[in-house]
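Structural characterization, general
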Amino acid sequence: MDKKRYTFSLLMAAVLLAGCAGPSTLYQWDGYQPSVYQYYQVDNNNLDEQVAQLEESIEKARAKDRRVAPGLHAHLGLLYANSGREQQALEQFAAEKRLFPESAVFMDFLLKQNKGTL
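The structure displayed is predicted, hence computed values, not measured ones.

The rules behind these values
Residues numbered from 1 in each chain as written. Predicted model: local features only at pLDDT ≥ 70, side-chain atom pairs only at ≥ 80, totals over all residues. Heavy atoms only, no water. Helix = DSSP H or I, 4+ residues; strand = E, 2+ residues; numbered from the N terminus. Buried < 20%, exposed > 50% of the residue type's maximum accessible area, 1.4 Å probe, protein only. Areas by Shrake-Rupley, 256 points an atom, 1.4 Å probe, with all protein chains shown as cover. Salt bridge = Lys/Arg side-chain N within 4 Å of Asp/Glu carboxyl O. Contact = heavy atoms within 4.5 Å. Expected span 1.5 Å × (residues − 1). Arc of directions from axis to C-beta.

**Quick notes on the overall build of the protein chain**
The secondary structure content of the protein chain amounts to six helices and two strands. Helices (α) and strands (β) of the protein chain occur, in sequence order from the N terminus, as α-β-α-α-β-α-α-α. When burial is assessed residue by residue, the protein chain has 28% of its 118 residues classed as buried. Counting every atom, the protein chain has about 8,300 Å² of accessible surface; 58% of that belongs to carbon and sulfur.

**Quick notes on unusual backbone geometry**
Phi is positive for D65, which is not a glycine, with a value near 55°. Along the chain, the position of D65 falls in the loop between helix 3 (47-63) and strand 2 (67-68). Among the residues examined, D65 registers a relative accessible area of 72% and is labelled exposed.

**A closer look at the pattern of salt bridges**
Following the criterion strictly, the structure yields four salt bridges and no others. Close ionic contact of D48 with R85 constitutes a salt bridge, the shortest N to O distance being 2.9 Å. Here D48, found in helix 3, pairs with R85, found in the loop between helix 4 (72-82) and helix 5 (86-99); they are 37 residues apart in sequence, far enough to count as distant. In this structure, D108 engages K97 in a salt bridge whose closest nitrogen and oxygen atoms are separated by 2.6 Å. In this pair, D108 sits in helix 6 (residues 104-113) while K97 sits in helix 5, placing the two residues 11 residues apart along the sequence. What makes D108 partly exposed here is its relative accessible area of 37%.

**Side note on the environment of M107**
With respect to the secondary-structure elements, M107 resides in helix 6. In this structure M107 touches A74, F93, E96 and K97, once residues within four positions along its chain are discounted.

**Concerning helix 5**
In a regular helix each residue adds 1.5 Å, so 14 residues correspond to 20 Å; helix 5 covers 20 Å between its end C-alpha atoms and thus fits that length. Buried within helix 5 are the following residues: A89, Q92, F93, A95 and E96. Angularly, the buried residues of helix 5 cover 155° about the axis, an arc narrow enough to put them on a single face. Those residues of helix 5 that are exposed and angled more than 90 degrees off the buried face are Q87 and R98.

Here's what the structure looks like:
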């Protein structure tokens, strides 16, 4: 094999191997999407299980120095509110506003709507 073909073959192998690394996502999604799906099922009595799953997702993201997905803190706040943990719900809504400023209007709306319950 001549030098040009050898160099070309090595270059192509490197490109192909680099493509196998897989895409890197901006956010740590982990168990967030299954938790949202589970919440909207008819039988959503397992709030504590969903809370634990989202708390674990947050810890995994911190361990990997990654950002959590948009909406995760808001959904966790909703779960806390539905299970009577008002202070924790407020903390999660504040975290959502801080991490994703574009959600501030919606978070303020939720807080205003639930002022008597939170």
